[in-house]
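Structure at a glance
Spelled out from the first residue to the last, the chains are:
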Amino acid sequence: MSSSASWLSRIFCYCSHCQSVAGNQSELQQYNLNTESLDIMEKIEVVDSEEQVIHALVHFVEEKSKSAIAERDRFVMGLSGGSASTFLCKGLPMITSDWTKWKFIFCDERVVPFDDAECTFSVYKNNLFSKVPFTDEQFVIIDPSLPAKEAAEDYERKLRALYPDDVDLPKLDLLLLGAGPDGHTCSLFPGHPLLDVTDKWVASIDDSPKPPPSRVTLTYPIINNALSAVFPFAGAGKAELVKRLLKDKEDLPANRVKPAELLWILDRAAASQL
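Residues numbered from 1 in each chain as written. Predicted model: local features only at pLDDT ≥ 70, side-chain atom pairs only at ≥ 80, totals over all residues. Heavy atoms only, no water.

1. Side note on the overall build of the protein chain
What counts, and what does not: A helix here means a DSSP run of H or I that spans at least four residues, while a strand means a run of E at least two residues long, and both kinds are numbered starting from the N terminus. With a 1.4 Å probe rolled over the protein chains alone, any residue whose accessible area is under 20% of its type maximum counts as buried; one over 50% counts as exposed, and the rest are partly exposed. Contact criterion: two residues are considered in contact whenever any of their non-hydrogen atoms come within 4.5 Å of each other.
Each helix and strand in the protein chain was counted, giving seven helices and ten strands. The buried share among the 274 residues of the protein chain stands at 53%. Here the analysis covers contacts within the protein chain between residues at least 6 apart in sequence; of these, 74% occur between residues at least 24 apart.

Right under this line is the structure:
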């Protein structure tokens, strides 16, 4: 894939160091985004269509994977389900890489059997493995035979094994995230006690407002220690949520995601209420 991104219609960049904007001032005023007190690099890319959201996403993934492999000889990416998984499965075959250097974890996972349609790992296995030469061993998966609490504890042990030298928190290379209409991300839902968990990498939930009820999820300490995260959104159905997150700045779970670098990729329909 070409490193050029000519298909991007506009790019906004907010950085605590320079507070610069790549784009013109009228567009910044049009979006009226609050950039005060940011201690991260946050960028919003608006493109014309869902297809271009996919292109922008895999361009970003390609860039992060190349730098991680060059610096650390591996690339660790956190995966989510929903439309984010659809975009990645469609786009990843467009790029080339040393796929053996890739490792995947799950930002959250449903505690269901692998043959259940709700299993996020199976979504990727069924839609990606025939296109990109990944193996099961490259995915750190939960044990769905365990109750949610034990599955979360077991999953944290598996993640710690990936980072034996990190006493406190690992720096995951990239998190692929989504958000639901209520503003939840991973399995962190508005008003839920999990929002305040700080002593675990992985937590469990048995009363998810969205079925299925039993899940495991990364917590904010590990999410916000990541090097990069990306939210890709497409379609008018996301427009109200995008407005609440990026213009109104509501205190929703997705707005509490603050890694070192955060990218929002929107098509024009998703950005239409900004």
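2. A word on the packing of helix α2 (residues 50-72) against helix α3 (residues 82-91)
Where we set the bar: Inter-axis angles, ranging from 0 to 180 degrees, are taken between N-to-C directions of lines fitted to C-alpha atoms, where helices are fitted over the stretch in contact. What sets the label is the angle itself: under 35 degrees gives roughly parallel, over 145 gives roughly antiparallel, 65 to 115 gives roughly perpendicular, and the rest give oblique. Three classes are used: nonpolar for Ala, Val, Leu, Ile, Met, Phe, Trp, Tyr, Cys and Pro, charged for Asp, Glu, Lys and Arg, and polar for all others, with Gly counted as polar.
At a minimum axis distance of 9 Å, the contact between α2 and α3 shows a crossing angle of 75°. What the angle tells us is that α2 and α3 run roughly perpendicular. Packed against α2, whose contacting residues are E50, V53, I54, L57, V58 and V61, the element α3 presents F87, L88, K90 and G91 at the interface. Across the contact of α2 with α3, the residue classes break down as seven nonpolar, one polar and two charged.

3. Regarding the pattern of salt bridges
Pairs can form between side chains of opposite charge once their charged atoms are near each other. For the record, the criterion: By definition here, a salt bridge exists when the distance from a side-chain nitrogen of Lys or Arg to a carboxyl oxygen of Asp or Glu is within 4 Å.
Taken as a whole and assessed by the stated rule, the structure comprises 18 salt bridges. The partner of D73 in a salt bridge is K101, with the nearest N and O atoms 3.0 Å apart. A residue pair is termed long-range when its members are at least 10 positions apart, and D73 in the loop between α2 and β3 (75-79) and K101 in the loop between α3 and β4 (102-106) qualify at 28 residues. The class of K101 is partly exposed, set by a relative accessible area of 23%. Across the pair D154 and K158 runs a salt bridge whose closest N-O atoms are separated by 3.2 Å. With a gap of four residues between them, D154 and K158 both fall in helix α5 (residues 148-162), about one helical turn apart. Owing to a relative accessible area of 16%, D154 belongs among the buried residues under this scheme.

4. Some points on the nonpolar core
Which entries qualify depends on this criterion: The set of buried Ala, Val, Leu, Ile, Met, Phe, Trp, Tyr and Cys residues whose side-chain atoms join them within 4.5 Å is what this entry labels a nonpolar core.
Among the nonpolar cores identified, the biggest contains 90 residues, and W102, F134, L159, L218, F233 and L266 are the most heavily contacted of them. Of the residues forming this core, the biggest block, nine residues, is contributed by α2. The contact partners of L159, leaving out residues within four places of it in the chain, are I105, V140, W201, V202, L218 and I222.

5. Concerning the sheet that holds strand β5 (residues 108-110)
Note the cut-off: Pairing between strands is defined by DSSP: at least two bridges between them are needed.
Ordered by their spatial adjacency, three strands build an open sheet running β5-β8-β7, and the pairing between neighbours is antiparallel. The sheet is open, and its two borders are formed by β5 and β7 (202-205), each paired with just one other strand. Within the sheet, the average angular offset between the axes of one strand and its neighbour, ignoring direction, is 20°. In this structure, β7 lies alongside strand β8 (residues 215-218), joined through four bridges in antiparallel fashion. Paired with I205 across the two strands is R215, which belongs to β8. Along the sheet, α5 makes contact with β7 and β8, crossing β7 at roughly 165°.

6. Concerning the environment of F233
By secondary structure assignment, the location of F233 is in strand β9 (residues 229-233). F233 sits in the buried class, given a relative accessible area of 1%. Spatially, the C-alpha atoms of F233 and A84 are 7.8 Å apart, while their sequence positions differ by 149 residues. Once residues lying within four places of it in the same chain are set aside, the contact partners of F233 are V53, F87, A179, K238, L241, V242, L245, W264, I265, L266, D267 and A270.

7. A closer look at unusual backbone geometry
For residues besides glycine, phi is generally negative; the peptide bonds are generally trans as well. A cis amide bond, omega -10°, links P211 with the succeeding residue P212. Among the secondary structure elements, P212 is positioned in the loop between β7 and β8. We note that K249 has phi near 55°; this positive angle belongs to a residue other than glycine. Among the structural elements, K249 can be located in the loop between α7 (239-247) and β10 (261-267). Taking the relative accessible area as the measure of exposure, K249 reaches 28% and is therefore partly exposed.

8. Considerations on empty space enclosed by the protein
Defined as follows: The rule is simple: put a 1 Å grid over the protein atoms alone, call a set of points where a 1.4 Å probe fits but cannot get out a cavity, call an open set with protein on both sides within 12 Å along at least five of seven lines a pocket, and count a residue as lining if it has an atom within 4 Å of a point. Grid points are joined across faces, edges and corners, and a volume is the space filled by probe spheres set on the points.
For the structure on display, the rule yields two cavities of 30 Å³ or more. Here the largest cavity defines a volume of roughly 50 Å³. Every residue lining the largest cavity is listed: M41, E42, K43, E45, F60, E261, L262 and L263. Going through the elements one at a time, β2 (41-47) and β10 are the ones with two or more residues in the lining of the largest cavity. Of the residues forming the lining of the largest cavity, the biggest block, four residues, is contributed by β2. Here the lining of the largest cavity is composed, by residue class, of four nonpolar, no polar and four charged.

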